Amino acid sequence: MTSTESSVNFRLRRDVEGIRGFVERVWGRWWVKTLAVLAVLIAIAYAIFWYVFASDLPSVDKLRAYEPPLPTNVRGVDGIPIHSYARERRVELSYEEYPPLLVRAFLAAEDKTFFEHHGVDYPGMAGAVIDYATKMGTGRRAKGGSTITQQVAKNLLIGNVYSPTRKIKEAILAYRIEDTLTKQQILELYLNQIALGRNAFGVEAASYAYFNKELNQLDLAQMAYLAILPKGPSNYDPFRSTQRALDRRNYVLGEMLKNDFIDQAQHDKAVAEPLGAVPRQTPKTEVAGAGYFVEEVRRQLIDKFGEDEKAGPYSVYSGGLWVRTSLDTKIQLDAQTALRNGLLRFDRGRGWSGPLRHVEISGDNWQSALLNTNLRLDYLDWRAAIVTAIGGGSATLGFGNGQTGTLPSWGAQMPVRGQGGTAFAALKVGDILAVAPEGAAFALRSVPKISGGFVVEEPATGRVLAMQGGFDSSIQSFNRATQAMRQPGSTIKPIVYAAALQGGMTPASIIVDGPFCVYQGARLGQKCFRNFGGGGSGPHTMRWGVEQSRNLMTVRAASQTGMEHVVSLMDRIGVGKYPPYLSFALGAGETTVMRMVNAYAILANQGRGHPATLVDFVQDRHGKVIWPENWRACDRCNAPDWNGKAMPRPVTRGRQIVDAMSAYQMVHIAEGVIQRGTATVLRDLDRPMFGKTGTNSGPTDVWFIGGTPQMIGGVYIGYDSPTSLGGYAQGGTIAAPIFKEFALKAYEGLEKIPFRAPAGMRMVRIDRASGKPVFGAWPTSDPKASVIWEAFKPESEPRRAARSNEDDGAADKPREVKPVERQEAAPRDSDFLQRQGGIY
């Protein structure tokens with residue numbers, strides 16, 4: 001080792017020993033050891049604090065993308081709101097949309113130093129700690145002391161568990177939130193999500209709930225009232241705790257004055273005002289009569305998107321969806337009115353049907369008992385009422401709004417159905433009744449036991465324009481339009497004959513109306529069919545068999561076509577899946593009025609089918625269309641002016657289910673049902689219309705389905721538990737008049753459009769009775785004219801000449817031929833075609 005290396009090593013040892021000595025000398029001092037111990041303890045305490053309070057805290061970054069639960073809003077075909085699905089009533093606004101005075105009112109009530117602190121108000125926090133300590137063990141809840149930022153942290157991130165631990169977590173998160181969001185963003189979150197009572201979340205929803213106004217229509221006093229509600233909405237109920245609410249509201253106004261948010265004149269004017277709140281109201285469907293329709297839409301949306309936020313971002317009750325439906329509010333009202341009136345006509349004179357429901361009540365809880373049933377009536381001036389007492393020849397009634405009334409014995413004298421005695425004698429305390437004003441008192445009303453369904457559809461698109469599933473959706477939630485499986489009776493026959501037409505038969509084909517029996521095997525034996533009125537009338541054309549609804553001709557046509565082909569068409573057209581038994585050709589299979597209306601719409605649309613739909617499209621809260629998939633808007637459909645080019649058409653998709661010519665032939669035949677068949681009650685509507693009545697065994701249900709190229713409607717009525725309607729009941733006398741009442745209003749003003757024949761259809765003059773071609777005679781406007789136009793497929797029309805009516809029974813007489821003076825004056829088939837716009 002050299003001397004240089006030795007010198008370096010010596011210096012290193014000296015330096016090390018010097019540092020060690022220095023450390024030993026410093027560590028030997030008491031205050032250094034104390035500081036070290038304190039540092040370790042602080043580190044341990046911080047680690048424990050972090051583990052207990054901050055390690056599992058949620059990230060505040062998700063507040064940047066936070067979207068509060070919003071209701072799903074439903075609109076009709078014209079864009080008018082008709083309903084909303086909500087468990088929390090909320091309307092989301094941006095900060096700029098909140099009136100400045102409202103923001104100041106909430107700051108005065110909740111957090112006066114909001115714009116000065118960084119998430120925590122230390123004096124307020126200290127006061128809350130002292131208050132908590134003084135109330136510990138008493139069972140009373142200490143005051144919060146939370147800033148608005150802390151309330152946002154509590155409500156959106158960690159929940160509302162009452163404990164000191166939560167307050168510490170609030171403070172930590174408040175600091176983080178203040179570092180992440182601006183003050184305006186924090187206030188926007190707060191004002192959109194705060195619970196304010198009456199199932200209102202957010203200030204805009206509360207404005208409707210308490211004052212039935214938009215937020216920008218509130219005055220200062222009303223804004224100040226909303227600002228007191230976060231402390232506890234039930235504590236400041238405007239009707240139960242009026243003075244307490246006034247005192248607290250005036251306190252907030254005083255704080256606004258003290259903080260120079262308002263001037264003295266504004267303060268004095270607001271203090272002098274009453275609360276001005278409206279009574280609490282149960283949320284109702286915005287459009288009367290749409291209950292069955294919107295409930296069916298709700299079921300479809302839940303099947304597609306789920307019910308709540310656990311199901312995904314587009315859930316029905318929190319996704320904020322915007323749903324455009326095909327509901328036409330006018331047509332819906334027409335359908336509802338017609339069905340209700342028909343049910344009441346049938347039920348009239350049969351006695352009181354009994355209470356809507358019975359609940360047990362005690363003391364003064366009758367109002368809550370009534371409200372909990374959610375029963376209400378929207379028919380004329382009918383109201384739901386509960387019997388709270390009976391005595392002295394009258395019954396005391398209570399209503400959902402807290403009011404009371406009297407039902408005297410003379411107002412309930414109708415007999416009880418099936419029991420005898422008066423309805424008044426059968427009343428019991430707790431019965432919920434349908435009543436209507438009668439002078440200064442109320443009179444009993446009877447909701448029909450009979451029910452039914454009504455559906456209206458646009459055949460070109462499959463869009464359902466109206467749906468009524470019973471008398472009233474609030475008292476009869478079962479939707480008979482979509483859920484009631486019923487035997488359609490003779491309304492199935494156009495589908496049977498459509499299969500026959502596809503199989504080669506024609507409207508003029510002769511079918512024997514006579515006994516028809518089939519052997520069904522050793523176990524079932526011989527099965528013989530019969531007509532509704534019994535008997536048979538010999539050979540007739542298919543058209544006559546449809547118009548007169550002859551069962552024997554229908555089963556014979558089905559047998560000749562092959563029941564496997566008939567039930568296959570029933571399946572493809574959407575009526576149902578049935579085994580190939582002849583009884584199904586007479587409507588023995590169960591289906592719904594919704595399916596039957598869609599099947600007739602397919603026939604009216606030249607056999608091209610669209611599924612029946614209630615929802616046109618669904619948008620998320622940001623306006624993006626999320627259903628149906630691959631949805632495309634119609635370009636230029638909403639252009640304000642025509643540019644002279646071809647009109648844009650929305651894309652319509654469908655599939656050919658029935659041969660177009662066969663479908664048209666069936667519609668053309670069924671037009672005769674209106675003109676001279678079982679639905680002549682509709683003839684004086686005086687417009688191109690086809691349809692078919694139906695009456696099933698019993699009869700337990702009566703039907704009518706039909707319509708025009710613009711709208712197809714269908715109605716049935718029957719008891720929910722199948723019961724005979726009486727031997728006289730038929731579709732033509734009960735169901736068709738209901739449709740007529742609807743059609744008189746719904747078709748008013750609509751253009752009279754004929755059913756358009758597909759290309760190649762041949763219109764031939766035939767003798768209506770024999771089906772043979774006619775020469776030298778022309779159809780007239782008389783519905784019972786012997787000569788009519790009949791639709792034939794190419795090369796299928798009858799070719800053998802028929803003798804004119806004047807030759808019948810006079811073959812031995814010479815035929816007189818009248819000369820035609822001007823050949824061009826003789827009517828020609830082409831003249832008819834031109835008058836009809838060349839549609840054939």
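About the thresholds
- Residues numbered from 1 in each chain as written.
- Predicted model: local features only at pLDDT ≥ 70, side-chain atom pairs only at ≥ 80, totals over all residues.
- Heavy atoms only, no water.
- Axes fitted to C-alpha atoms, helices over the stretch in contact; angles between N-to-C directions.
- Helix = DSSP H or I, 4+ residues; strand = E, 2+ residues; numbered from the N terminus.
- Parallel < 35°, antiparallel > 145°, perpendicular 65-115°, else oblique.
- Contact = heavy atoms within 4.5 Å.
- Nonpolar A, V, L, I, M, F, W, Y, C, P; charged D, E, K, R; others polar.
- Pairing = 2+ DSSP bridges.
- Core = buried A, V, L, I, M, F, W, Y, C linked by side-chain atoms within 4.5 Å.
- Buried < 20%, exposed > 50% of the residue type's maximum accessible area, 1.4 Å probe, protein only.
- Disulfide = S-S within 2.5 Å.
- Phe/Tyr/Trp six-rings, centres within 6.5 Å; stacked < 30°, edge-to-face > 60°.
- Polar contact = N/O pair within 3.5 Å; in protein donor to acceptor, adjacent residues only side chain to side chain.
- Salt bridge = Lys/Arg side-chain N within 4 Å of Asp/Glu carboxyl O.

K.L.:
What exactly am I supposed to notice about the packing of helix H9 (residues 220–228) against helix H10 (residues 242–258) here?
P.N.:
When two helices pack together, you describe them by how their axes are tilted relative to each other and by the distance separating the axes. Two numbers describe how H9 lies on H10: the axes approach to 9 Å, and their chain directions differ by 105°. By the angle between their directions, the pair H9 and H10 is classed as roughly perpendicular. Residues Leu-220, Ala-221, Ala-224, Tyr-225, Ala-227 and Ile-228 of H9 lie in contact with H10, whose contacting residues are Ala-245, Arg-248, Arg-249, Val-252, Leu-253 and Met-256. Tallied by class, residues from the contact of H9 with H10 come to 10 nonpolar, no polar and 2 charged.

K.L.:
So what exactly am I meant to see when it comes to the sheet that holds strand E3 (residues 322–325) here?
P.N.:
Paired through their backbone hydrogen bonds, the strands of a sheet run either parallel or antiparallel. Pairing is mixed across the open sheet formed by 5 strands, whose spatial order is E2-E1-E3-E17-E18. Of all the strands in the sheet, the pair left with one neighbour each is strand E2 (81–85) and strand E18 (625–627). Going from strand to strand, the sheet's axes swing by 30° on average, the running direction of each strand aside. Where helix H12 (residues 291–305) meets the sheet, it contacts strand E1 (72–75), E2, E3, strand E17 (615–619) and E18, and its direction lies at approximately 45° from that of E2.

K.L.:
Looking at this model, I keep getting lost on the nonpolar core. Mind explaining?
P.N.:
A general tendency of soluble globular proteins is for nonpolar side chains to be buried together. One finds Phe-454, Phe-739 and Phe-742 to be the most contacted residues of the largest nonpolar core, which totals 135 residues. The greatest single-element share of this core, amounting to 10 residues, is contributed by helix H20 (residues 593–604). Discounting residues that sit within four places of it in the chain, Phe-739 has contacts with Phe-454, Leu-682, Met-689, Phe-704, Gly-706, Gly-707, Gly-713, Val-715 and Tyr-747. Phe-106, Leu-189, Leu-196 and Ala-245 belong to the second-largest nonpolar core, a separate cluster that totals 54 residues.

K.L.:
I would appreciate a short explanation of the state of the cysteines in the present structure.
P.N.:
As used in these notes, a disulfide is a covalent bond between sulfur atoms, one from each of two cysteines. Scanning the model with the defined rule gives 1 disulfide in all. Each sulfur of the disulfide joining Cys-517 and Cys-528 lies 1.9 Å from the other. One quick way to see it: the torsion about the S-S bond of Cys-517 and Cys-528 is about 110°, and its sign makes the bridge right-handed. With Cys-517 in strand E13 (residues 516–519) and Cys-528 in strand E14 (residues 526–529), the pair connects residues that are 11 residues apart, well separated along the chain. Given a relative accessible area of 43%, Cys-528 falls into the partly exposed group.

K.L.:
So what exactly am I meant to see when it comes to the packing of aromatic side chains here?
P.N.:
Any pair of aromatic rings gets described here by the distance separating the centres and the angle formed by the planes. Applying the stated criterion to the full structure yields 21 aromatic pairs. Centroid distance Tyr-600 to Phe-690: 5.9 Å. Interplanar angle 25°. Geometry classified as stacked. With Tyr-600 in helix H20 and Phe-690 in strand E20 (residues 690–695), this residue pair connects regions lying 90 residues apart in the sequence. Take Phe-690: its relative accessible area is 1%, and that puts it in the buried class. Ring geometry for Phe-690 against Phe-755: centres 5.4 Å apart, planes inclined by 90°, an arrangement best described as edge-to-face. Of the two residues, Phe-690 is situated in strand E20 and Phe-755 in the loop between helix H22 (731–746) and strand E23 (762–767); the sequence distance between them amounts to 65 residues. With respect to class, Phe-690 is no different from Phe-755; both count as buried. Each residue in the set Phe-454, Phe-704, Phe-739, Phe-742 and Tyr-747 is aromatic and connected to the rest through ring pairs, giving one cluster.

K.L.:
Whenever I open this one, the sheet that holds strand E21 (residues 701–707) confuses me. Can you help?
P.N.:
Taken in spatial order, the 5 strands line up as E11-E10-E22-E21-E20 in an open sheet, and their pairing is antiparallel. A strand with exactly one partner marks an edge of an open sheet, and here the two such strands are strand E11 (463–468) and E20. When the angles between neighbouring strand axes are averaged without regard to direction, this sheet yields 10°. Where strand E10 (residues 451–458) meets strand E22 (residues 712–718), 7 bridges bridge the pair, whose relative direction is antiparallel. Bridge pairing in E22 places Gly-453 opposite Tyr-716. Sheet contacts for helix H21 (residues 660–676): E20 and E21; angle to E20, the most-contacted strand, approximately 65°.

K.L.:
Just to check I follow, could you spell out the pairing of E3 for this structure?
P.N.:
It is a general feature of regular strands that their side chains alternate between the two faces of the sheet. Because side chains alternate across E3, one face comprises the buried residues Val-323 and Thr-325, and the other comprises Trp-322 and Arg-324, none of which is buried. Sheet analysis places E1 next to E3, joined by 3 bridges and oriented parallel. Across the sheet, residue Asn-73 finds its bridge partner in E3, namely Trp-322.

K.L.:
In this structure, what is going on with the side chain of Arg-463? I would like to understand it.
P.N.:
Residue placement: Arg-463 occurs in strand E11. One polar contact links Arg-463 to Asp-616, side chain to side chain, over a distance of 2.7 Å. Those residues within four positions of Arg-463 in sequence are excluded, and the remaining contacts are Val-77, Ser-326, Val-456, Glu-457, Glu-458, Thr-613 and Asp-616.

K.L.:
Looking at this structure, I do not really get the pattern of salt bridges. What am I missing?
P.N.:
Any two side chains of opposite charge can pair if their charged atoms end up close together. With the rule as written, the count across this model stands at 29 salt bridges. Measuring nitrogen to oxygen at the nearest pair gives 2.7 Å for the salt bridge that ties Lys-304 to Glu-629. Highlighted residues: Lys-304 in helix H12 and Glu-629 in the loop between E18 and strand E19 (655–656), separated in sequence by 325 residues. Linking Arg-463 and Glu-458 is a salt bridge whose minimum nitrogen-to-oxygen distance equals 3.6 Å.

K.L.:
I would appreciate a short explanation of the pairing of strand E7 (residues 404–408) in the present structure.
P.N.:
Of the strand pairs in this sheet, strand E6 (residues 394–399) and E7 are connected by 5 bridges, and their pairing is antiparallel. In the sheet register, Thr-396 faces E7, and the bridge partner there is Thr-406. The turn joining E6 and E7, which pair antiparallel and follow one another in sequence, is formed by 4 residues; a positive phi near 95° is taken by Gly-402.

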